[in-house]
Amino acid sequence: MHVMVELSLYPLVNEYISPIQDFIDRLNSYTDITVSTSSTSTQVTGEYGVVMKILGDEMQRTHEAVGQAIFVAKFLNFDAMQARKSS
């Protein structure tokens, strides 16, 4: 099953752009997920288990580096969404 996750990151630090860019750059380094970034969020699409593992690792890495940060996420069954588009 594929999943699409829409993420927004809000680091609770004065210099907030760098942690956001670092997080996006790390996501883009993975070849087994698709990453699409807009001005307000980043969408990650891929195999469910793979996406969840990557996000867990990278969110933990961000929290360890930044301290306080808020992640807001929406999870969507991408397979079901694609099937609905086809019908």
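Provided above is the structure to which this section pertains.
Residues numbered from 1 in each chain as written. Predicted model: local features only at pLDDT ≥ 70, side-chain atom pairs only at ≥ 80, totals over all residues. Heavy atoms only, no water.

A.B. asks: What's the story with the pattern of salt bridges in this structure? I'm lost.
C.D. replies: A side chain with one charge can pair with a side chain of the opposite charge if their charged atoms come near. According to the stated counting rule, one finds four salt bridges in the structure shown. Across the pair Glu58 and Arg61 runs a salt bridge whose closest N-O atoms are separated by 3.8 Å. Highlighted residues: Glu58 and Arg61, both in helix α2 (residues 48-66), separated by three residues, approximately one helical turn. The exposure class assigned to Glu58 is buried, which follows from its relative accessible area of 4%. The partly exposed category is assigned to Arg61, whose relative accessible area is 46%. Taken together, the shared-partner salt bridges connect Arg26, Glu58 and Arg61 into one network. (Salt bridge = Lys/Arg side-chain N within 4 Å of Asp/Glu carboxyl O. Helix = DSSP H or I, 4+ residues; strand = E, 2+ residues; numbered from the N terminus. Buried < 20%, exposed > 50% of the residue type's maximum accessible area, 1.4 Å probe, protein only.)

A.B. asks: Would you mind showing me how to read α2 here?
C.D. replies: Along an α-helix, residues three or four apart share an orientation, since each turn contains 3.6 residues. Given a rise of 1.5 Å per residue, 19 residues ought to cover 27 Å, and the 26 Å separating the end C-alpha atoms of α2 matches this to within 8%. For α2, the set of buried residues is Val51, Ile54, Leu55, Glu58, Thr62 and Val66. Down the axis, α2 shows its buried residues gathered within 100° of arc, on one side only. In α2, the exposed residues that point more than 90 degrees away from the buried face are Lys53 and Glu64. Against β1 (2-11), α1 (17-28), β2 (33-37), β3 (42-47) and β4 (69-77) lie the buried residues of α2. Positive backbone phi, at 95°, marks Gly67, one or two positions downstream of α2. (Expected span 1.5 Å × (residues − 1). Arc of directions from axis to C-beta. Contact = heavy atoms within 4.5 Å.)

Remember that the coordinates give geometry; whether it matters functionally is a separate question.
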